[in-house]
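A closer look at the structure
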Amino acid sequence: MPYAESVVGSFMYAMLRTRSDIAHAIGVVSQFMSNPGKKHKTAVKWILWYLRVTSRVYLCFGPRQPVLDGYTDANMSGDIDSRKSTFGYLMTFAGEVVSWQSKLQKCVAL
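Summary of the structure given here. All values reported here derive from a predicted model rather than from experimental measurement.

Turning next to the pairing of strand β3 (residues 96-108). Bridge count for strand β2 (residues 84-93) against β3 is nine bridges, and the pairing is antiparallel. The residue of β3 that forms the bridge with Leu90 is Trp100. Between the end of β2 and the start of β3, which pair antiparallel, lie two residues, with Ala94 showing a positive phi angle near 55°.

So, about the pairing of β2. Where strand β1 (residues 68-75) lies against β2, eight bridges are found, and the strand directions are antiparallel. Paired with Tyr71 across the strands is Leu90, a residue of β2.

Turning our attention to the sheet that holds β2. In spatial order, the strands read β1-β2-β3; together these three strands make up an open sheet with antiparallel pairing. Edge positions in the open sheet fall to β1 and β3, since each of these has one partner strand only. Mean inter-strand twist for the sheet, computed between neighbouring axes without regard to direction, equals 10°.

Attention now moves to the packing of aromatic side chains. Summed over all chains, the structure comprises one aromatic pair. Summarising the aromatic geometry, the rings of Trp46 and Tyr50 are spaced 5.6 Å apart at their centres and angled 15° between planes, so their arrangement reads as stacked. Of the two residues, Trp46 and Tyr50 both sit in helix α3 (residues 38-53), four residues apart, roughly one turn of that helix. Look at Trp46 and you get partly exposed, because its relative accessible area is 47%.

Turning our attention to the side chain of Thr92. Mapped onto the fold, Thr92 is located in strand β2. Other than its neighbours up to four places away in sequence, Thr92 contacts Val67, Leu68, Asp69, Tyr71, Val97 and Val98.

If you look at the biggest cluster of nonpolar residues, it comprises 12 residues: Val7, Val8, Phe11, Met15, Ile22, Ala23, Ala25, Ile26, Val29, Val44, Ile47 and Leu51. Ignoring anything within four residues of it in the chain, the contact list for Ala23 reads Met15 and Trp100.

Before going further, it helps to spend a moment on helix α2 (residues 23-30). Each full turn of the α-helix corresponds to 3.6 residues, which orients residues three or four apart in the same direction. All of the buried residues in α2 are Ala23, Ala25, Ile26 and Val29. Buried residues in α2, looked at end-on, bunch into an arc of 165°, giving them a common side.

The subject of this paragraph is the environment of Thr18. Relative to the helices and strands, Thr18 is located in the loop between α1 (3-17) and α2. Here Thr18 falls in the exposed class, since its relative accessible area comes to 64%.

Moving on, we get to the layout of surface pockets. Considering only enclosed or pocket space, the largest pocket measures out at about 790 Å³ in volume. Lining the largest pocket are 25 residues, with His24, Gly27, Val28, Thr86 and Ser102 positioned closest to its centre. Of all the secondary structure elements, the ones that give two or more residues to the lining of the largest pocket are α2, β2 and β3. Across the lining of the largest pocket, the residue classes break down as 11 nonpolar, 11 polar and three charged.

Rules behind the numbers
Residues numbered from 1 in each chain as written. Predicted model: local features only at pLDDT ≥ 70, side-chain atom pairs only at ≥ 80, totals over all residues. Heavy atoms only, no water. Pairing = 2+ DSSP bridges. Helix = DSSP H or I, 4+ residues; strand = E, 2+ residues; numbered from the N terminus. Axes fitted to C-alpha atoms, helices over the stretch in contact; angles between N-to-C directions. Phe/Tyr/Trp six-rings, centres within 6.5 Å; stacked < 30°, edge-to-face > 60°. Buried < 20%, exposed > 50% of the residue type's maximum accessible area, 1.4 Å probe, protein only. Contact = heavy atoms within 4.5 Å. Core = buried A, V, L, I, M, F, W, Y, C linked by side-chain atoms within 4.5 Å. Arc of directions from axis to C-beta. 1 Å grid on protein atoms, 1.4 Å probe; cavity = no way out; pocket = protein on both sides within 12 Å on 5 of 7 lines; lining within 4 Å. Points joined across faces, edges and corners; volume = space filled by probe spheres on them. Nonpolar A, V, L, I, M, F, W, Y, C, P; charged D, E, K, R; others polar.

Function cannot be inferred from these measures alone, as they are strictly geometric.
See the structure below:
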């Protein structure tokens, strides 16, 4: 399976364009692009299955109030391997996600 170039790259393109719901899973499997193990390849197959069964799911802005809400969160040393912290934000408009980010910090939390 051409793990790094083909599959994970295609996932990233889909994630950035239309499928923000797979962001966490793609973030995890992309960390192992240079040396994927059996668990990572299984995770890629699971993501493919998830995309297939949710292909008819879509966002629909209904009659809700046009309110822009923002949420943020962080954890302390959540990455077990590097002990680095993760932070992120989520922006919603009319109750639907329009922007988000999750990022591993560069420094180690003590």
